[in-house]
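Chains, contacts and geometry: an overview
As a plain string of letters, each chain reads:
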Amino acid sequence: MSLKPSKTNLHGRINSQSAPRGHRARGAGNPTEESNSSSAPDKASNFASNNDDQHSGSLVTVLIAVGANLIIAIAKTVAAFMTGSASMIAESAHSWADAGNGTLLIVAEKKAIKPADESHPLGYGKESYVWSMIAAFGVFMAGSIVSIYTGITEWNAAESETNYTIGFIVLAVAFVLEGFSLIQAYLQSKKHGKAINVSAIGYVVNTSNPTLRGVFFEDLAAVIGLVIAAAAMGMHAYTGQPFWDALGSIIVGLLLGVVAIFLISRNRDFLVGYKVTDSIHNYALVELLNHPDIDSVSYLHLEWVGPKKIFMVAAVDIAGNQKEEKIAQKFEDIENQFRADPLFQEAILTLSVPNAEILSLESSEAV
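Below you will find a few notes about this structure. (Residues numbered from 1 in each chain as written. Predicted model: local features only at pLDDT ≥ 70, side-chain atom pairs only at ≥ 80, totals over all residues. Heavy atoms only, no water.)

Looking now at the overall build of the protein. Within the protein, the regular secondary structure consists of 11 helices and 3 strands. For the protein, the N- to C-terminal ordering of α and β elements is α-α-α-α-α-α-α-α-α-β-β-α-β-α. Here the protein holds 367 residues, and the buried ones make up 50% of them. For the protein, restricting intrachain contacts to residue pairs at least 6 apart in sequence, the fraction spanning at least 24 positions comes to 78%. Accessible surface, the protein as shown: approximately 17200 Å² in total, 62% of it carbon and sulfur. (Helix = DSSP H or I, 4+ residues; strand = E, 2+ residues; numbered from the N terminus. Buried < 20%, exposed > 50% of the residue type's maximum accessible area, 1.4 Å probe, protein only. Contact = heavy atoms within 4.5 Å. Areas by Shrake-Rupley, 256 points an atom, 1.4 Å probe, with all protein chains shown as cover.)

What follows is about the pattern of salt bridges. As enumerated under the stated definition, the model contains 7 salt bridges in all. The salt bridge partner of arginine 266 is aspartate 269, with a shortest N-O separation of 2.8 Å. In this pair, arginine 266 and aspartate 269 are both assigned in helix H8 (residues 243–272), 3 residues apart and thus about one turn of the helix distant. There is no split in this pair, since arginine 266 and aspartate 269 are both buried. Linking aspartate 269 and arginine 268 is a salt bridge whose minimum nitrogen-to-oxygen distance equals 3.5 Å. Residue class for aspartate 269 comes out buried when judged on its relative accessible area of 17%. One connected set of salt bridges, linked through shared partners, spans Arg266, Arg268 and Asp269. (Salt bridge = Lys/Arg side-chain N within 4 Å of Asp/Glu carboxyl O.)

In space, the 3 strands of this open sheet follow the order S1-S2-S3, with mixed pairing throughout. The strands lining the two open edges of the sheet, one partner per strand, are strand S1 (294–306) and strand S3 (344–351). Within the sheet, the average angular offset between the axes of one strand and its neighbour, ignoring direction, is 15°. Across 10 bridges, the pairing between S1 and strand S2 (residues 309–318) is antiparallel. Bridging across to S2, histidine 301 finds its partner in valine 313. Helix-sheet contacts for helix H9 (residues 278–289) involve S1, S2 and S3, and the interaxial angle to S1 is about 140°. (Pairing = 2+ DSSP bridges. Axes fitted to C-alpha atoms, helices over the stretch in contact; angles between N-to-C directions.)

Let's shift gears to the nonpolar core. With 27 residues, the main nonpolar core has Leu288, Leu300, Met312 and Phe344 as its most contacted residues. Of all the secondary structure elements, the ones that give two or more residues to this core are H9, S1, S2, helix H10 (324–339) and S3. Of the residues forming this core, the biggest block, 6 residues, is contributed by H9. Membership of the second largest hydrophobic core comes to 21 residues, among which are Val66, Phe216, Leu255 and Leu256. (Core = buried A, V, L, I, M, F, W, Y, C linked by side-chain atoms within 4.5 Å.)

All right, on to the packing of helix H4 (residues 127–153) against H8 then. At a closest axis distance of 8 Å, the pairing of H4 and H8 adopts a crossing angle of 165°. One finds that H4 runs roughly antiparallel with respect to H8. Our pair here, H4 against H8, has a crossing hand that is left-handed. For the contact of H4 with H8, the class distribution of residues is 20 nonpolar, 10 polar and 1 charged. (Parallel < 35°, antiparallel > 145°, perpendicular 65-115°, else oblique. Left-handed = near helix turned anticlockwise from the far one by under 90°. Nonpolar A, V, L, I, M, F, W, Y, C, P; charged D, E, K, R; others polar.)

Let's shift gears to the packing of helix H7 (residues 210–239) against H8. Taken N-terminus to C-terminus, the directions of H7 and H8 make an angle of 170°; their axes are 8 Å apart at the nearest point. It follows that H7 is roughly antiparallel to H8 by the angle criterion. Residue composition of the contact of H7 with H8, by class: 16 nonpolar, 6 polar and 3 charged.

Turning our attention to the pairing of S2. Most of S2 is tucked away, with 7 of its 10 residues classed as buried. With antiparallel pairing between neighbouring strands as the criterion, S1 and S2 make up a hairpin whose turn holds 2 residues, including lysine 308 at a positive phi of roughly 60°. Two strands pair when backbone bridges link them, and S2 and S3 are joined in this way by 7 bridges, in the parallel orientation. Paired with methionine 312 across the strands is alanine 347, a residue of S3. In this region the chain leaves S2, passes through H10 and returns to the parallel neighbour S3; the handedness of that crossover is right-handed. (Right-handed = clockwise from strand over helix to strand, strands pointing away.)

Before going further, it helps to examine the environment of lysine 330. Within the secondary structure, lysine 330 sits in helix H10. Separated by 19 residues in the primary sequence, lysine 330 and leucine 349 place their C-alpha atoms 9.7 Å from one another. Once you skip the residues sitting within four places of it in the chain, lysine 330 turns out to touch Asp293, Ile318 and Gln322.

This is the structure we're talking about:
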């Protein structure tokens, strides 16, 4: 059976020529750099380079965010002490939370790229989701609780003279820096989303890269929080009523809580086993069906095991009536061709059961 490639061409075609024997034993984790260089097809190598670009791009994005947040956190803390503003205290807690979150995201990036070994044959990609969840739960929730608590305690504060000039200056500078970081994350999301025909927001919500998602929503929450804090401080200064400032602190805290819950939920999805998008599923199915040694596919399981890393299990019918040892060799050759593609962390093939329902691109799209 043969199908034309889907329009969503995620990267170069998998080489249909047999991979060298011994490229990698089944379930042995990622191939070594030496074996990759000797057998991976050129287009797969190009995609590997693109993956490296995405990794370094994410790291640059998070480093920019952490640097900006550290500067902003210090400035907001000073302004909070000078003004006594509850909203400014909430914003300083927000920025310290963002800086801590970014630090944990850097740890996540470093942990996730460790090569597979005997104890972790599918690699360490899910480490990124673990650290990203710790960041979301511990740091964001801490910032949320501090902000809400500050707002509640300051709600009935005695009316006093306010001079928020330094506060507004700090918020304006923070808005510029946070806006720059948000634009950086947005442009990266837009670039990767364009490659698979989805919007920047759609990409950042569904991407397997938790670092980019964390930085994007962290910066988005920061920009919105700055507007809320400025409005709350402005209303306090205009009306003389301190509850406006306290209300701003509570709203910032709630905003942080919503972001934390969302990020925790997305990281949980990927930790428990998150399916790939339909476009990637169809891509893998087309690659299998187009292989000259495969007649049909009756089962195809694809799930993320790390940023840009997929685990594939497929049941196929091998062309012709071949002996068991030849089928085993065919399986290993085909598996190695997928393993040479940097998108696939591991690929396992098995024989279809007799009279199994056959998958087709049309039925896959219907699902």
